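# Results of the structural survey
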Amino acid sequence: MQGGKHPTMEVMCHVSNCRFFKNDYCHADKIEVNPKHRGMAHNSDDALCSTFIPQQ
């Protein structure tokens, strides 16, 4: 990333039982997305939001 700055963006989320979910947006300070399987994701079904924490 140029200049060492991180992106600022809105992240849509439709997982209503996530701790960071609020009005269809993710309110986590950081988002981590990883492939479900070793290596690369080839489509959105192969990606996993590792930021997800269930609401208590």
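Because the structure is predicted, anything quoted here is derived from the model rather than measured.

### Regarding the overall build of the protein chain
Per the secondary structure count, the protein chain includes 0 helices and 4 strands. Overall, the protein chain shows an N-to-C arrangement of helices and strands of β-β-β-β. Here the protein chain has a C-alpha radius of gyration of 13 Å; the compact-globule value for 56 residues is 10 Å, and the former is much larger. Overall, the C-alpha framework of the protein chain stretches about 35 × 30 × 15 Å when taken along its three principal axes. Sorting the 56 residues of the protein chain into buried and exposed places 11% on the buried side. Here the contacts in the protein chain between residues at least 6 apart in sequence split such that 29% fall between residues at least 24 apart.

Conventions we followed
- Residues numbered from 1 in each chain as written.
- Predicted model: local features only at pLDDT ≥ 70, side-chain atom pairs only at ≥ 80, totals over all residues.
- Heavy atoms only, no water.
- Helix = DSSP H or I, 4+ residues; strand = E, 2+ residues; numbered from the N terminus.
- Rg over C-alpha atoms; globule rule 2.2 N^0.38 Å.
- Buried < 20%, exposed > 50% of the residue type's maximum accessible area, 1.4 Å probe, protein only.
- Contact = heavy atoms within 4.5 Å.

All we've got here are geometric facts, nothing functional implied.
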